[in-house]
Amino acid sequence: MIALACDHAAVGMKNEIIKLLEEMGLTYKDFGTYTEESCAYPVFAARAARAVAAGECDRGIVICGTGIGISIAANKVRGIRCGLCSDPLSAELTRRHNDANMLAFGARIVGVELAKAIVRAFLTTEYEGGRHQARVDMLAKLENGEDIE
Ligand code: RB5
């Protein structure tokens with residue numbers, strides 16, 4: 001189950017991503033927003049990120065105008081590692097190296113076809129573990145205010 005969320009700047013893009021998920025045979029939960037009426041991206045980022053952090057959704061995809069605000073918001077939720085990506089290689093590497101459980105991108109930054117390639121890379125790439133695990137563990141320690149040096 002993929003958690004989806006966006007703000008008013010990215011409703012059309014989110015709908016394109018929904019079509020892609022359907023083509024890929026993946027289930028999703030759409031946490032809004034659903035219209036182009038101006039809204040606050042942290043509200044929608046939090047809904048999707050909390051669903052991922054709680055294990056209700058396996059991964060999440062959040063989209064705003066730049067992808068920046070909504071990724072910052074998602075990363076404020078404990079347990080979330082949200083990678084902001086504007087290209088498929090970054091999306092692949094944030095899975096392989098960071099075990100990112102959420103993806104963000106900007107609807108005003110990337111076109112629909114590029115966005116679809118980014119989403120495909122994110123959803124079809126596995127985490128490598130190994131040497132990356134200690135670094136990912138440090139991210140959790142940082143969330144807990146623990147010393148990582
Ligand atoms: C909305 O105008 C815009 O600020 C938002 O979509 C996003 O780009 C924020 O980071």
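Here goes a summary of the coordinates provided. All figures in this text were calculated on a predicted structure; none of them were measured in a lab. (Residues numbered from 1 in each chain as written. Predicted model: local features only at pLDDT ≥ 70, side-chain atom pairs only at ≥ 80, totals over all residues. Heavy atoms only, no water.)

Re the side chain of K116
Within the secondary structure, K116 sits in helix α5 (residues 112–124). Contact partners of K116, with chain neighbours within four places excluded, come to E16, I17 and L20. (Helix = DSSP H or I, 4+ residues; strand = E, 2+ residues; numbered from the N terminus. Contact = heavy atoms within 4.5 Å.)

Some details on the site of the ligand
In the region of the ligand, the neighbouring residues are D7, H8, A9, Y41, C64, G65, T66, G69 and R108. D7 places a side-chain nitrogen or oxygen 2.6 Å from an oxygen atom of the ligand. A distance of 2.9 Å separates an oxygen atom of the ligand from a polar backbone atom of G69. Out of a free accessible area of 290 Å², the ligand has 71% covered by protein chains. Its residues placed into classes, the shell around the ligand shows three nonpolar, four polar and two charged. (Near = heavy atom within 4 Å. Polar contact = N/O pair within 3.5 Å; in protein donor to acceptor, adjacent residues only side chain to side chain. Areas by Shrake-Rupley, 256 points an atom, 1.4 Å probe, with all protein chains shown as cover. Nonpolar A, V, L, I, M, F, W, Y, C, P; charged D, E, K, R; others polar.)

Thoughts on the pattern of salt bridges
Scanning the model with the defined rule gives seven salt bridges in all. We note a salt bridge from E16 to K116, for which the minimum N-O separation is 3.8 Å. Taken together, the positions of E16 in helix α1 (residues 11–23) and K116 in helix α5 put the pair 100 residues apart, joining distant regions of the chain. Look at E16 and you get partly exposed, because its relative accessible area is 21%. (Salt bridge = Lys/Arg side-chain N within 4 Å of Asp/Glu carboxyl O. Buried < 20%, exposed > 50% of the residue type's maximum accessible area, 1.4 Å probe, protein only.)

Notes on the environment of R108
With respect to the helices, strands and loops of the structure, R108 is situated in the loop between β5 (102–106) and α5. Note: C-alpha distance between R108 and M24 (84 residues apart in sequence) is 24 Å. Once you skip the residues sitting within four places of it in the chain, R108 turns out to touch A9, C64 and G65.

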